[in-house]
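Residues per chain are reported as follows:
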Amino acid sequence: MPNTKTLVLIKPDGLSKSLTGNIITRFSETRLEIIAAKIVRVSRELAEKHYEAHKDKPFYSELIDYIMGKLHKRHKVMALIYYGENAIEKIRAICGKTNPEEADPETIRGQYGRILTSGVFENVVHASDSIESAEREIKLWFEPDEIIYDLYPTEIKVFMNYKKRVWKDDPYRKYT
Ligand code: CMP
């Protein structure tokens, strides 16, 4: 079985309900390795890039407010990268289905998620759904030097005499 990597976000509802410890404990059942972690104040630009696939959905605007923390008292998200055998599938199994009402009650979303009256699924965690989306999302949320392994090719760019290692194929050209 191949080693894969996946991006996990503990969303603002997870942080405002003090669920970080519980969620990380649940994920530790997988025996996967955490290879990067940080707390992020999510900008509108980051939120829109992360959810660009949903921009035509009726819940898009509320989804952006949700991930930016505007619906909660916590304007922050915890971003982690998990690495190991079948990481994407193992993490998604513990998260449960996207719709908290359909999620198995033992999963994180089944236990702690809810549907807002506006219709948005407040589902506590996000997890990459494929190898391709994991690559896109990891490159969006993390810089190469924030991760303990070299996951994807990088290059050195010079900004005003300052050298920085960046993703060679950065889909968002953050530093160009
Ligand atoms: P996430 O895994 O972060 O990916 C997209 C998010 O959009 C999802 O979790 C939910 O928070 C939200 N979402 C997805 N589908 C719907 C839907 N049908 N109605 C409302 N919110 C949704």
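What comes next is a walk through the structure. (Residues numbered from 1 in each chain as written. Predicted model: local features only at pLDDT ≥ 70, side-chain atom pairs only at ≥ 80, totals over all residues. Heavy atoms only, no water.)

Right, let's get into the site of the ligand. For the ligand, the set of nearby residues contains 13 residues, the closest of which are Lys 11, Tyr 51, Phe 121, Asn 123 and His 126. Side-chain polar atom of Arg 109 to an oxygen atom of the ligand: 3.1 Å apart, as the coordinates give it. Contact with the protein chains covers 82% of the free accessible surface of the ligand, which is 460 Å². (Near = heavy atom within 4 Å. Polar contact = N/O pair within 3.5 Å; in protein donor to acceptor, adjacent residues only side chain to side chain. Areas by Shrake-Rupley, 256 points an atom, 1.4 Å probe, with all protein chains shown as cover.)

Within the span of helix α4 (residues 60-67), buried status applies to Tyr 60, Leu 63, Ile 64, Tyr 66 and Ile 67. For α4, the arc enclosing every buried residue in end-on projection is 160°, short of the 170-degree limit, so these residues lie on one face. Check the buried side of α4 and you find it contacts β1 (3-10), α1 (12-16), α3 (44-50), β3 (77-85) and β5 (121-122). (Buried < 20%, exposed > 50% of the residue type's maximum accessible area, 1.4 Å probe, protein only. Helix = DSSP H or I, 4+ residues; strand = E, 2+ residues; numbered from the N terminus. Arc of directions from axis to C-beta. Contact = heavy atoms within 4.5 Å.)

Within soluble globular proteins, side chains that are nonpolar tend to cluster in buried spots. Counting 31 residues, the largest nonpolar core has Val 42, Ile 81, Ile 138, Trp 141, Phe 142 and Ile 147 as its most contacted members. Every element with two or more residues in this core is listed here: β1, β2 (33-40), α3, α4, β3 and α7 (131-141). Counting residues per element, this core draws most heavily on α4, which supplies five residues. Apart from residues no more than four positions distant in its own chain, Ile 138 is found in contact with Lys 5, Thr 6, Leu 7, Ile 81, Ile 147, Leu 151, Tyr 152 and Trp 167. Residues Leu 15, Ile 23, Phe 27 and Ile 108 belong to the second largest nonpolar core, which totals 18 residues. (Core = buried A, V, L, I, M, F, W, Y, C linked by side-chain atoms within 4.5 Å.)

Mapped onto the secondary structure, Lys 164 falls in strand β8 (residues 162-167). Within the local environment of Lys 164, its side chain forms a polar contact with the side chain of Glu 143, the two groups lying 2.7 Å apart.

Applying the stated criterion across every chain yields a total of 13 salt bridges. The partner of Glu 45 in a salt bridge is Lys 49, and the shortest N-O contact between them spans 2.9 Å. Of this pair, Glu 45 and Lys 49 both sit in helix α3, four residues apart, which is roughly one turn of the helix. Judged by relative accessible area, which is 52%, Glu 45 ranks as exposed. Ionic pairing is found between Glu 122 and Arg 114, a salt bridge with its closest N-O pair at 2.8 Å. (Salt bridge = Lys/Arg side-chain N within 4 Å of Asp/Glu carboxyl O.)

We now examine the pairing of strand β7 (residues 154-159). Note that β7 and β8 share six bridges and pair antiparallel. In the sheet register, Phe 159 faces β8, and the bridge partner there is Tyr 162. With antiparallel pairing between neighbouring strands as the criterion, β7 and β8 make up a hairpin whose turn holds two residues, including Met 160 at a positive phi of roughly 45°. (Pairing = 2+ DSSP bridges.)

Read from one edge to the other, the open sheet built from four strands follows the order β2-β3-β1-β6, with strand pairing classed as antiparallel. Each end of this open sheet is capped by a strand with a single partner; those strands are β2 and β6 (125-127). On average, each strand axis in the sheet is inclined to that of its neighbour by 20°, with strand direction left out of account. Bridge count for β1 against β6 is three bridges, and the pairing is antiparallel. Note on β6: the bridge partner recorded for Ile 10 is Val 125. Its contacts with the sheet put helix α5 (residues 87-95) on β1, β3 and β6, and the angle it makes with β1 is roughly 35°. (Axes fitted to C-alpha atoms, helices over the stretch in contact; angles between N-to-C directions.)

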